[in-house]
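# Coordinates in review
Residues per chain, in single letters:
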Amino acid sequence: MQTENGFEIEDLVRTYGNDVLRTAYMYVKDLHIAEDIFQDVFIKVNNHLHTFQGNSSIKTWILRITINTCKDYIKSAYHRKMVPMEEFLEDSIVSESDFDAVEREETIHTVKEAVMSLPEHYRSVILCVYYDELSMEETAKALDLPVGTVKSRLARAKEKLKELMEGRI
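On to the side chain of D19. For D19, the position within the fold is in helix α1 (residues 9–28). For D19, a relative accessible area of 13% puts it in the buried group.

Below you can see the structure in the form of structure tokens.
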């Protein structure tokens, strides 16, 4: 069913679903919770699609809803009371041919940990620019900030990441 804006919710889910899920996961660090947030986001998108005015791209609008939904979740009393379950993975024997893949995974994990340890205002900018591949202008709209603020936060976030990563990779 096409809305008055010309968008079909199924097309939006197909086109932007991975971006929404990835963004949610980077905020909450739990796949099951990220999937719940994914559903909440597209319910909100469906319910409020008629309010989309086109002042930004539809992707920016959807990611803004995602970021706000994640922030609401993080602030919620439920989240503060919930204790995450630790997953215990059995050690496996790694062959030499798998060494590069394991090393890449460890590097990716180290970078993600560093990004997630940043203060929220720096982390949000990094996630929008590098994980969601938004431009500075789209990031500014998604985070409701001036472009100059986005640029300065990105520069400071990169400096902090550089400090955090020195000697780790």
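Right, let's get into the nonpolar core. L12, I37, V45, I58, W61, I62 and I126 are the most contacted members of the largest nonpolar core, which has 44 residues in total. Elements supplying a minimum of two residues to this core: α1, α2 (31–48), α3 (58–75), α5 (99–117), α6 (120–131), α7 (136–143) and α8 (147–165).

Note that side chains of opposite charge can pair when their charged atoms are close. Applying the stated criterion to the full structure yields four salt bridges. The partner of R22 in a salt bridge is D19, with the nearest N and O atoms 2.7 Å apart. One end of the pair, R22, and the other, D19, are both in helix α1, three residues apart, so they sit about a helical turn from each other. Of the charged contacts in the structure, one is a salt bridge between K59 and D19, with a shortest N-O distance of 3.9 Å. Taken together, the positions of K59 in helix α3 and D19 in helix α1 put the pair 40 residues apart, joining distant regions of the chain. In this structure, K59 and D19 share a single accessibility class: buried. The network of salt bridges with shared partners includes D19, R22 and K59.

The next thing to look at is unusual backbone geometry. Of note in this structure, K29 is not a glycine but carries a positive phi near 60°. The topology assignment puts K29 in the loop between α1 and α2. Classification of K29 as exposed rests on a relative accessible area of 51%. For D144, which is not a glycine, the phi torsion comes out positive at approximately 55°. Position of D144 relative to the elements: it lies in the loop between α7 and α8.

Glancing now at α3. Helix length check: α3 (18 residues) gives 26 Å between terminal C-alpha atoms against 26 Å at 1.5 Å per residue, within 8%. Along α3, the positions that sit buried rather than exposed are I58, K59, T60, W61, I62, L63, I65, T66, I67, T69, C70 and Y73.

Here the focus is the packing of α7 against α8. Remark: α7 packs on α8, axes separated minimally by 8 Å, with the N-to-C direction vectors making an angle of 105°. Classed by the angle they form, the pair α7 and α8 counts as roughly perpendicular. On α8, the residues that touch M136, E137, T139 and A140 of α7 are V147, V150, K151 and L154. A class-by-class count of the residues in the contact of α7 with α8 yields five nonpolar, one polar and two charged.

In this section: α8. Residue pairs spaced three or four apart in an α-helix point in one direction, given the helix's 3.6 residues per turn. In this model α8 runs 26 Å from its N-terminal to its C-terminal C-alpha over 19 residues, within 8% of the 27 Å that 1.5 Å per residue would give. Within α8, the full set of buried residues consists of V150, L154, A157, L161 and M165. Taken down its axis, α8 places every buried residue within 70° of arc, on the same side. Turned more than 90 degrees from where α8 packs its buried face, K162 and E163 sit exposed.

What counts as what
- Residues numbered from 1 in each chain as written.
- Predicted model: local features only at pLDDT ≥ 70, side-chain atom pairs only at ≥ 80, totals over all residues.
- Heavy atoms only, no water.
- Helix = DSSP H or I, 4+ residues; strand = E, 2+ residues; numbered from the N terminus.
- Buried < 20%, exposed > 50% of the residue type's maximum accessible area, 1.4 Å probe, protein only.
- Core = buried A, V, L, I, M, F, W, Y, C linked by side-chain atoms within 4.5 Å.
- Salt bridge = Lys/Arg side-chain N within 4 Å of Asp/Glu carboxyl O.
- Expected span 1.5 Å × (residues − 1).
- Axes fitted to C-alpha atoms, helices over the stretch in contact; angles between N-to-C directions.
- Parallel < 35°, antiparallel > 145°, perpendicular 65-115°, else oblique.
- Contact = heavy atoms within 4.5 Å.
- Nonpolar A, V, L, I, M, F, W, Y, C, P; charged D, E, K, R; others polar.
- Arc of directions from axis to C-beta.

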